[in-house]
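Chain residues, written in single-letter form:
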Amino acid sequence: MKFLKSQLIFFVFIISNTIVGQQNSQIDLKKKRAQIQSEIKQINELLFSNNKKKTDAFSDIENLNIKIKRKEELVKLINQQTNTLTTEIDENIFSLDSLTQNLKNSKESYKNIIVKSYKTKSGKSRLMFLLSSETFFQAYRRIQYMKQYANFRKKQSINISILIEQIANLNKKLNAQLEDKQALVIENREIQKSLENEKKE
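Residues numbered from 1 in each chain as written. Predicted model: local features only at pLDDT ≥ 70, side-chain atom pairs only at ≥ 80, totals over all residues. Heavy atoms only, no water.

## Focus on the overall build of the protein
What counts is decided by this rule: Under the DSSP-based scheme used, a helix requires at least four consecutive residues in state H or I and a strand at least two consecutive residues in state E, with every element numbered from the N terminus. Burial classes follow relative accessibility: with a 1.4 Å probe on protein chains only, a residue under 20% of its type's maximum area counts as buried, one over 50% as exposed, and anything between as partly exposed. Here, residues are in contact when the closest pair of their heavy atoms is within 4.5 Å. Per-residue accessibility takes into account occlusion by the displayed protein chains alone, with areas from the Shrake-Rupley method and a 1.4 Å probe.
Within the protein, the regular secondary structure consists of four helices and zero strands. Listed N to C, the secondary structure of the protein is α-α-α-α in terms of helices and strands. Counting only residues that meet the buried cut, the protein has 31% of its 201 residues in that class. Across the protein, contacts joining residues at least 24 apart in sequence account for 84% of those joining residues at least 6 apart. Carbon together with sulfur atoms contributes 57% to the accessible area of the protein, which is approximately 14100 Å² in total.

Shown next, in the form of structure tokens:
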């Protein structure tokens, strides 16, 4: 029981630390991405303004060059964000596998307890178990044993519920990460395509 409890605490600690680290990394990359996208938007506005006013073409070329450089930086940043997300997904898949195995072991252990309890600890046999005590001290110890056994069953049931909830939350997080990764891949393709056209200009 102590081993299962410590194992569960260890998993919760690892997953919590991993999630905090992942969130910080993704937040930093998203901020940088938003900043570059804002700069590209400003350059686009300048280019549009220059076209309307029909000002010197050199100014447009300079702005286009800046825009191309910023877009190249954006592509690198998105690649970095995609790689970070891939690492996080791999870590979460590993955690999910570990939690699933832990849940399987806990369920098997709980199943064995229930089967054993059903076979040997019916209401009648529990009473006989107590009445067959040779001394009062032995009867007292048997009562304590039965209480501990009941507590162990309860804790096993709680552990299983916790593991099921953790697995559900991790699955939800993984699905969101996979969607984010797919969106980043699509965004990167579109930026690279626009980059090719702008370089031709």
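Back to the text.
## Comments concerning the pattern of salt bridges
Rules: Salt bridges are counted wherever a side-chain nitrogen of Lys or Arg sits within 4 Å of a carboxyl oxygen of Asp or Glu.
Summed over all chains, the structure comprises one salt bridge. Among the ionic pairs, Glu73 bridges to Arg70, the shortest N-O distance being 2.1 Å. Pair noted here: Glu73 and Arg70 are both in helix H2 (residues 57-120), with a separation of three residues, about one helical turn. Arg70 sits in the buried class, given a relative accessible area of 15%.

## Brief notes about the confidence of the model for the protein
Spelled out, the test is: Every residue carries a pLDDT, the predictor's confidence in it, which falls somewhere between 0 and 100.
Here the protein shows a mean pLDDT of 75. Residues at 70 or above account for 71%. Here helix H3 (residues 123-131) is the element of the protein with the lowest mean pLDDT, 62, and helix H4 (residues 136-200) is the one with the highest, 83.

## Let's talk about the nonpolar core
For the record, the criterion: Definition of nonpolar core: a set of buried residues of the types Ala, Val, Leu, Ile, Met, Phe, Trp, Tyr and Cys, connected through side-chain atoms within 4.5 Å.
Ranked by internal contacts, the top residues of the largest apolar core, which has 21 residues, are Leu74 and Ile191. Where this core is concerned, the elements lending two or more residues are helix H1 (2-53), H2 and H4. With ten residues, H2 is the largest single contributor of residues to this core. When sequence neighbours within four positions are dropped, the list of residues in contact with Ile191 reads Lys71, Leu74, Val75 and Ile78.

## Thoughts on a nonpolar patch on the surface
Here is the rule: What makes a patch is a set of residues exposed beyond 30% relative accessible area and free of salt bridges, joined within 9 Å when like-charged and within 5 Å when nonpolar (Val, Leu, Ile, Met, Phe, Trp, Tyr).
A grouping of Phe136, Phe137 and Tyr140 is seen on the molecular surface, where their side chains present a nonpolar patch of about 410 Å² in accessible area. Mapped onto the fold, Phe137 is located in helix H4. The exposure class assigned to Phe137 is exposed, which follows from its relative accessible area of 54%.

## Quick notes on the environment of Thr100
In this fold, Thr100 is placed in helix H2. On the accessibility criterion, Thr100 (39% relative accessible area) is partly exposed.

## Comments concerning the side chain of Thr82
By the element assignment, Thr82 lies in helix H2. Residue Thr82 is classed as buried on the basis of its relative accessible area of 11%.

## Remarks on the environment of Ile36
Inspection of the secondary structure puts Ile36 in helix H1. Relative accessible area serves as the criterion here: at 8%, Ile36 is assigned to the buried category. Here the alpha-carbon distance between Ile36 and Leu77, two residues 41 residues apart in the chain, equals 9.5 Å.

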